[in-house]
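# Structural features, examined
Listed below are the residues making up each chain.
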Protein chains: 4
Amino acid sequence: MRVAVLGSKGKVGSTMVAAVQEADDLTLSAEVDAGDPLSLLTDSGTEVVIDFTHPDVVMDNLKFVIENGIHAVVGTTGFDDKRLGQVRSWLTAKPDVAVLIAPNFAIGAVLSMHFAKQAARFFESVEVIELHHPHKADAPSGTAARTARLIAEARKDLPPNPDATSTAMEGARGADVDGIPVHSVRLAGLVAHQEVLLGTQGETLTIRHDSLDRTSFVPGVLLAVRGVAEHPGLTVGIEPLLDLT
Amino acid sequence: MRVAVLGSKGKVGSTMVAAVQEADDLTLSAEVDAGDPLSLLTDSGTEVVIDFTHPDVVMDNLKFVIENGIHAVVGTTGFDDKRLGQVRSWLTAKPDVAVLIAPNFAIGAVLSMHFAKQAARFFESVEVIELHHPHKADAPSGTAARTARLIAEARKDLPPNPDATSTAMEGARGADVDGIPVHSVRLAGLVAHQEVLLGTQGETLTIRHDSLDRTSFVPGVLLAVRGVAEHPGLTVGIEPLLDLT
Amino acid sequence: MRVAVLGSKGKVGSTMVAAVQEADDLTLSAEVDAGDPLSLLTDSGTEVVIDFTHPDVVMDNLKFVIENGIHAVVGTTGFDDKRLGQVRSWLTAKPDVAVLIAPNFAIGAVLSMHFAKQAARFFESVEVIELHHPHKADAPSGTAARTARLIAEARKDLPPNPDATSTAMEGARGADVDGIPVHSVRLAGLVAHQEVLLGTQGETLTIRHDSLDRTSFVPGVLLAVRGVAEHPGLTVGIEPLLDLT
Amino acid sequence: MRVAVLGSKGKVGSTMVAAVQEADDLTLSAEVDAGDPLSLLTDSGTEVVIDFTHPDVVMDNLKFVIENGIHAVVGTTGFDDKRLGQVRSWLTAKPDVAVLIAPNFAIGAVLSMHFAKQAARFFESVEVIELHHPHKADAPSGTAARTARLIAEARKDLPPNPDATSTAMEGARGADVDGIPVHSVRLAGLVAHQEVLLGTQGETLTIRHDSLDRTSFVPGVLLAVRGVAEHPGLTVGIEPLLDLT
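Residues numbered from 1 in each chain as written. Chains lettered and ligands numbered in written order. Predicted model: local features only at pLDDT ≥ 70, side-chain atom pairs only at ≥ 80, totals over all residues. Heavy atoms only, no water.

### Describing the overall build of chain A
Of the regular secondary structure elements, chain A holds 7 helices and 13 strands. For chain A, the residues scored as buried account for 59% of the 245 residues in total. Of the roughly 9,800 Å² of accessible surface on chain A, 50% is carried by carbon and sulfur atoms. Considering chain A, the positive charge centre built from 20 side chains and the negative charge centre built from 32 side chains are found 3 Å apart. (Helix = DSSP H or I, 4+ residues; strand = E, 2+ residues; numbered from the N terminus. Buried < 20%, exposed > 50% of the residue type's maximum accessible area, 1.4 Å probe, protein only. Areas by Shrake-Rupley, 256 points an atom, 1.4 Å probe, with all protein chains shown as cover. Lys, Arg positive; Asp, Glu negative; His and termini not counted. Charge placed at Lys NZ, Arg CZ, Asp CG, Glu CD.)

### Looking at the relation of the copies chain B and chain A
For these two chains of identical sequence, chain B goes onto chain A by a turn of 180° and a shift of 0.0 Å along the axis, with RMSD 0.1 Å. Taken together, the rotation and translation relating the two chain copies correspond to the operation of a two-fold axis. When the interface residues of chain B are mapped onto chain A, 100% of them again fall at the interface, so both copies present the same face. (Least-squares fit on C-alpha atoms with pLDDT ≥ 70 in both. Contact = heavy atoms within 4.5 Å.)

### Overview of the interface of chain B and chain A
On the chain A side, the residues contacting the 36 residues of chain B number 36 residues. Across the chain B-chain A interface, the total number found is 0 salt bridges. Counting across the chain B and chain A interface gives 18 residue pairs in polar contact (both at pLDDT 80 or more). Counting only elements with at least two residues in the side of chain B that touches chain A, the list comes to α5 (107-119), β12 (203-211) and α7 (218-227) of chain B. Class assignment for the residues of the side of chain B that touches chain A results in 16 nonpolar, 14 polar and 6 charged. Across 9 bridges, the pairing between strand β12 (residues 203-211) of chain A and β12(B) is antiparallel. By the bridge assignment for β12(B), Arg208(A) is matched with Thr206(B). (Salt bridge = Lys/Arg side-chain N within 4 Å of Asp/Glu carboxyl O. Polar contact = N/O pair within 3.5 Å; in protein donor to acceptor, adjacent residues only side chain to side chain. Nonpolar A, V, L, I, M, F, W, Y, C, P; charged D, E, K, R; others polar. Pairing = 2+ DSSP bridges.)

### Brief notes about the UniProt feature "domain: Dihydrodipicolinate reductase N-terminal" (unreviewed entry) in chain A
The sites that carry the UniProt feature "domain: Dihydrodipicolinate reductase N-terminal" (unreviewed entry) are, in the present numbering, residues 1-105 of chain A. Within the segment residues 1-105 of chain A, helix and strand shares are 37% and 22% respectively, and the terminal C-alpha atoms sit 20 Å apart. (UniProt positions renumbered as here; feature names shortened; annotations may be inferred.)

### Remarks on the packing of aromatic side chains
All names here are of chain B. Counted according to the given criterion, the structure contains 10 aromatic pairs over all chains. Judged by centre distance (5.9 Å) and plane angle (55°), the rings of Phe 52 and Phe 105 are tilted. Here Phe 105 lies in the loop between β5 (98-101) and α5 and Phe 52 lies in the loop between β3 (48-51) and α3 (55-67), a separation of 53 residues in the sequence. Note on Phe 52: relative accessible area 17%, which makes it buried. Classification of Phe 105 by relative accessible area gives buried; the value is 4%. (Phe/Tyr/Trp six-rings, centres within 6.5 Å; stacked < 30°, edge-to-face > 60°.)

Now the structure itself:
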């Protein structure tokens, strides 16, 4: 499979260049960065592009690759409903082309959320603890907030978590995200970690995800590159490619 | 829903009698123990029986309830292929009756195994650590061995775990269950615990199940009682009732 | 060693009666409960008493045993400075008698706090997570609050935890106990658990204590019974008996 | 305090150069690498040297700094009893000079071992789990083996871990290091991690150390630089500088 990287000199892009070169079943067909013509993609017979560029240029990139029948795996941010609608409309004219846009390629993070959602119905109590390095600006993390909302949605017909707390210091019981307590730890030495704790009579289930370095997106992007063509049209998130049943 | 307990004076049975009495949506229709006539079930209008009895009597119990159109949730042990075949044959004549036989009703344990199986394909490495009280006779535990076999089956088309170990003390790398290392810890103070560790570039996913007391089967049995009627015929294990997708 | 139990019919007392009977090196000399004369202690040649009674009677018990040269290990609650002063004054007249009064006999909990205190100086960040069953009324737990205060005391000459949080949901960063964030999880299925997390450049240290059943005080009480005589006078807490260096 | 780095262009050395430069209370007095004259140290008024060089040159370095009244913090490997004896003999002539030689500067690892040793006497059972990346050649790790031996030494007057295992797969119960089971996990995505699990009736204590990147030695080396002068003579390991009581 012939694979090109858009944004090839960026931090993430250059990591993906190396990862494609190391993969036995993939060939690096082109490296494209700011200033390079997109015709490098068609000239090189590229079948799939990986786009980690910038919100300012990603739409032009997608228009070009879709028109030229090239599949795309996109980690660039900034996709709102309007942009997703535009991509869908371009794809209507090219029904065989597949575009996958994902906010998070770390397979462990995606599975973690999926499992939390599945398990949430079967336990009396669910809470989330997320732990990050102390340079993080927001608490809770976006991933933890999203995980909590997915859990709350899965439990919308269930009674709330039992909780007899009558005397609490402010903040002790965490942030309330749609009824799910979320606790944010900020600790020197940590990277990015999350635990979903589920409990019922006599047993608990814990789903923990640890990101230990900044390259944890690589296996997920490669999985998407290999599988995207089997999902023509627009796919948001890598979950549909995981064939979870 | 009218629910009877067979083996009502046993350790598990009496716990289930109490659990049915406490559940708002269930009515305890009969308590049946050794020496009591099974007609107590039909006389009391029982819709579902819970059977935690003994391999010697469970087949007679099942024959009676199936013939009388009563659904059954069975935790009694000793079901081999021959017994399961016999139950299926009785059910052929009563296509509306549902029988669920499960070796493990702890929902956390069942989900744990299901998630491990789903996640196993997406990680380079998988290992299992099980931790139990020191009175346990076998190592690894039956659940850990079964979990490892399910993981190995899910990974049968993948390369083995990477492992550069060249100098090892005997036993350091655990037991090899179909290529998956399983480590057994025996520690005073513990009950029954299991961790599945999955790792790939830059990230790990850990699925941990803790059984903290001997009543962790209760929520799973109640879930089965409430859902069994929607699964006519024979069902083995509670997984199909969890509607996991 | 001849050991008597005061409050022998109470929940904790009866557990201690059984524990003394099972210990090869201890002899149960007397069981004393409400209404029984304290002379049972002197008549039976008791050397050490275990007192798990009630704030209303414990002072009379202590006066009697001290006057009669019997050592005491006390788990009864309600000791304020005034009561401790009274005990000290009785002991002045009997310099060979040893009384140990402890709020917590779980050795794991005591060591956990001791280690947290020792390690706290060497890490940039420290946070505490405590996890309990959902029937608990206070958050954080008394043990977690005390642990955080000990940690804060050990760090009083250090800069505060680094924390770049600029956007936080209310409660996300936990309760602030003297500058140490404490997070309280309440989850069905749990008993009593606590983690102290310490982090610095590139590494973290976690000290976790799990109480899995209500008898975790037994080994600590037995340790105190065996060692109390070597600590004449009043000792508060079992830490001094652990000979930690 | 004026601090020089020997081996300043090596991987560890250059990290220490940067760390000294960033520390407000330390001044980088000299950077010395292969080929540079040691007189750079005396010319620059160096008070403490950090030596991460090579077994071939470290002894010459130490002879020079001791003779010139400069303290040393040494992470270079290869010190056997003979070499330590030689260093001690040089120090006899210079009783004010302090040399600290340590095999491991990660404070978390050192504390972890210290706490394990302290706690080991108070629990019925102790086991060790170490978890590393899959490129590691030996199992168990040197640190885990050393930890287990220290635990075994602390428990030499206690009965062995209780263990009723009668049917075990080969390797399930781990490696036996002086009676302490040690389990080695090798998992993609991990760096270097260790858990000491201690258990007794109703409770467990877990001491976990996680090294998340290769710079975890920095805080320990800086602590040694700041404290070494108060420990004249030869010190092996950073534990004595931690003032643990």
